[in-house]
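Per-entry structural report
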Amino acid sequence: MSLRLGHRRFRDQLSDYADGQLSPRLATRFERHLASCADCRKELGELRRMLELLHDLPAAEPGPGSVDALLRRMAETEARPRRWLSAWGAPVAAAAAGLAALLLVQDVSVSIGLPGSAVRPEARSASLVAAEARALPRRPAPPAPSTAAMLGRRAEFAPATPGAPSGASSSGRSALAACIGSRDTRDCIRYHWMLDLAGRDVPAFLEVFESLPEAARPRLAGDLADLARGSGSATAIADHLRASRDPRAATLAARFAAVGRR
Amino acid sequence: MSEPILDRPRPVAARRDAALPEPQAQDPDLELVDRWRDGDESAFASLVRRHHGRTFGLLVRMLGSREEAEDALQETFLNLHRHGHRFRREARFGTFVYRVAMNAALNRRRSLGRRRAQLERLASRQAAGDDLPQSPRGPEAGVVQGELRARVQREIQALSPNLRGPLVLYDLEGLPYGEIARVLELPEGTVKSRIHRARRALRERLIDLVSESDDESEGAGQ
């Protein structure tokens, strides 16, 4: 073996030697070479100093409460209607998470026999939201007020007043089933959530409605009104919108009232 | 006889093996994984709680930024949630989490784009040239320790992903070769060789900090 070749072989062992991974026999042989090779001694010294620098790097610890924030963001992202997100923004996405949790936890989707595997992605997402809603401590101040307001109402999704429209009521359930038979499942869930919100909290409903691009609003209003008519709640929603005395609600109230009279 | 010979390194393998149980040993996460697969989402939340700290540390090392690590952490657990059914019991669940996290980190780096990479290289060069002293001997002699660490972290980021991953897992996370091979889905020999290459590359990048002066070098050889 040439001297150079021998040096190269020992040089390849530097890292193992520094880690104490050479057998005693190889380590002794390596040390013999080291005694006569300035290059390897220099390289070993540099390697050791470099390892010291590496080991001196402090461990990166996540901030306090970060796991709760992570789980909350995940729950929101998993339930987020991605196609809608671009048009509707985060408040709707967050609220849709709440709706999906409510509807799916109540097993609505299972009762209407949606196709899919035993554990569908939507169901997993929604149940993650629900599990987190149970497991996480309530946070008083999530980032955006509108999001906070809607998320805060997650536990109150049961109909507030008799006759008020609700995605979770029995009539809402059958309307949802009919809706799902003719439309995209996610759209139906979102529509029902909108109707539920319109029946309980007009300002929040208007906030979500007006977060949509203006061009998309007439069609959505028409869809919502038709759906409300199908579940027999169009007139009740119209009355509720009027009772709010919010000028922004007048046109929508008229639309719901019109389909309710048909 | 020079100092390195007298100070023969103690094996670190035992420490590494003690830190991480053998894959064949009972995986402490299996019960939670089974419950999650049976539909208990709170079990998944518990798995996130159990692994998020360690995974966050890995991602900070890989990405060099807490903000990016937080995004990649979310991506990691979202991917786990969506594709957790791909987890086979050949490796521990913790290893699987690391594998998903490494993929998230590498995908994230790729998506940063060329301009971002150029800016990072520029910042790295500027920092190396302007912020640090020429003398390798002196963190105590004037360099703020935070700057020194930032420099080391930057040079780790500058390594190619193929080398950075094994180096981070071995030298910073303390995983043994076998575990790294399972995380990166590479043969153990390849892992070992990449660690050695990564160390050599990093040493060269940090040469101004780790090389001895000529005088000291001469002295050490005598």
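Note that the structure is a prediction, hence the values are computed from the model and not measured.

Some thoughts on the overall build of chain B
A count of helices and strands for chain B gives 13 helices and zero strands. By the burial criterion, 48% of the 222 residues in chain B qualify as buried. Partitioning the contacts of chain B with sequence separation of at least 6, the portion at a separation of at least 24 is 66%.

Some words on the overall build of chain A
Each helix and strand counted, chain A has 15 helices and zero strands in total. Buried positions account for 52% of the 262 residues belonging to chain A. Here the analysis covers contacts within chain A between residues at least 6 apart in sequence; of these, 66% occur between residues at least 24 apart.

Describing the pattern of salt bridges
Across all of its chains, the model carries 21 salt bridges over all chains by this definition. The salt bridge partner of B:E155 is B:R151, with a shortest N-O separation of 2.9 Å. In this pair, B:E155 and B:R151 both sit in helix α8 (residues 145–158), four residues apart, roughly one turn of the helix. Given the relative accessible area of 2%, B:R151 is considered buried. Within the structure, one salt-bridge network assembled from shared partners comprises A:R11, A:K42, A:E43, A:E46 and B:R203.

Quick notes on helix α10 (residues 177–184) of chain B
Residue and element names in this part refer to chain B. Burial analysis of α10 places six of its eight residues in the buried class, the great majority of the element. By the burial criterion, the buried members of α10 are Y177, G178, E179, I180, A181 and V183. E185, located one to two residues past α10, shows a positive phi value of around 55°.

Brief notes about the side chain of B:T76
Structurally, the position occupied by B:T76 is in helix α5 (residues 66–83). In this structure the side chain of B:T76 is engaged in a polar contact, spanning 2.7 Å, whose partner is the backbone oxygen of B:A72.

What about helix α4 (residues 41–63) of chain B?
Residues and elements named next belong to chain B. By the largest-angle criterion, H52 marks the main kink of α4, which is about 45°. Buried residues dominate α4, accounting for 17 of its 23 residues. Positive backbone phi, at 75°, marks G64, one or two positions downstream of α4.

Considerations on the environment of B:E179
All names here are of chain B. You can see E179 is positioned in helix α10. For E179, a relative accessible area of 3% translates into the label buried. Between the C-alpha atoms of E179 and V191, which are 12 residues apart in sequence, the distance is 9.9 Å. A polar side-chain atom of E179 sits 2.8 Å from a polar atom in the side chain of R92.

Remarks on the packing of helix α12 (residues 202–210) of chain A against helix α13 (residues 217–230) of chain A
Residues and elements named next belong to chain A. α13 packs onto α12 with a crossing angle of 135° between their chain directions and a minimal axis gap of 10 Å. Regarding the angle of α12 to α13, the classification is oblique. The residues of α13 that touch α12, namely those facing F205, F209 and E210, are R217, L220, A221 and L224. Partitioning the contact of α12 with α13 into residue classes produces five nonpolar, no polar and two charged.

Observations concerning a positive patch on the surface
Residues A:R9, A:R25, A:R29 and A:R32 make up a contiguous surface patch of positive charge. On the basis of relative accessible area, A:R32 is assigned to the exposed category, the value being 59%.

Observations concerning the confidence of the model for chain B
Per-residue pLDDT for chain B averages 77, and the proportion of residues at 70 or more is 68%. By mean pLDDT, helix α1 (residues 3–6) of chain B is the weakest element of chain B at 42, and helix α11 (residues 188–205) of chain B is the strongest at 95.

Section: empty space enclosed by the protein
In total, this model carries two cavities of 30 Å³ or more according to the counting rule given. Looking at the largest cavity, its volume works out to about 90 Å³. A:R11, A:D12, A:L14, A:S15, A:E43, A:L47, B:H196, B:R199, B:R200 and B:R203 are the residues that line the largest cavity. Residue assignment for the lining of the largest cavity shows that the elements contributing at least two residues are α1 (3–12), α2 (14–18) and α4 (38–55) of chain A together with α11 of chain B. Looking at the lining of the largest cavity, the element that brings in the most residues is α11(B), giving four residues. Here the residues of the lining of the largest cavity are counted per class, giving two nonpolar, two polar and six charged.

Parameters at a glance
Residues numbered from 1 in each chain as written. Chains lettered and ligands numbered in written order. Predicted model: local features only at pLDDT ≥ 70, side-chain atom pairs only at ≥ 80, totals over all residues. Heavy atoms only, no water. Helix = DSSP H or I, 4+ residues; strand = E, 2+ residues; numbered from the N terminus. Buried < 20%, exposed > 50% of the residue type's maximum accessible area, 1.4 Å probe, protein only. Contact = heavy atoms within 4.5 Å. Salt bridge = Lys/Arg side-chain N within 4 Å of Asp/Glu carboxyl O. Polar contact = N/O pair within 3.5 Å; in protein donor to acceptor, adjacent residues only side chain to side chain. Bend = angle between axes of the 7 residues up to and from the residue. Axes fitted to C-alpha atoms, helices over the stretch in contact; angles between N-to-C directions. Parallel < 35°, antiparallel > 145°, perpendicular 65-115°, else oblique. Nonpolar A, V, L, I, M, F, W, Y, C, P; charged D, E, K, R; others polar. Patch = residues over 30% accessible without salt bridge, like charges linked within 9 Å, V, L, I, M, F, W, Y side chains within 5 Å. Areas by Shrake-Rupley, 256 points an atom, 1.4 Å probe, with all protein chains shown as cover. Lys, Arg positive; Asp, Glu negative; His and termini not counted. Charge placed at Lys NZ, Arg CZ, Asp CG, Glu CD. pLDDT = per-residue confidence, 0-100. 1 Å grid on protein atoms, 1.4 Å probe; cavity = no way out; pocket = protein on both sides within 12 Å on 5 of 7 lines; lining within 4 Å. Points joined across faces, edges and corners; volume = space filled by probe spheres on them.

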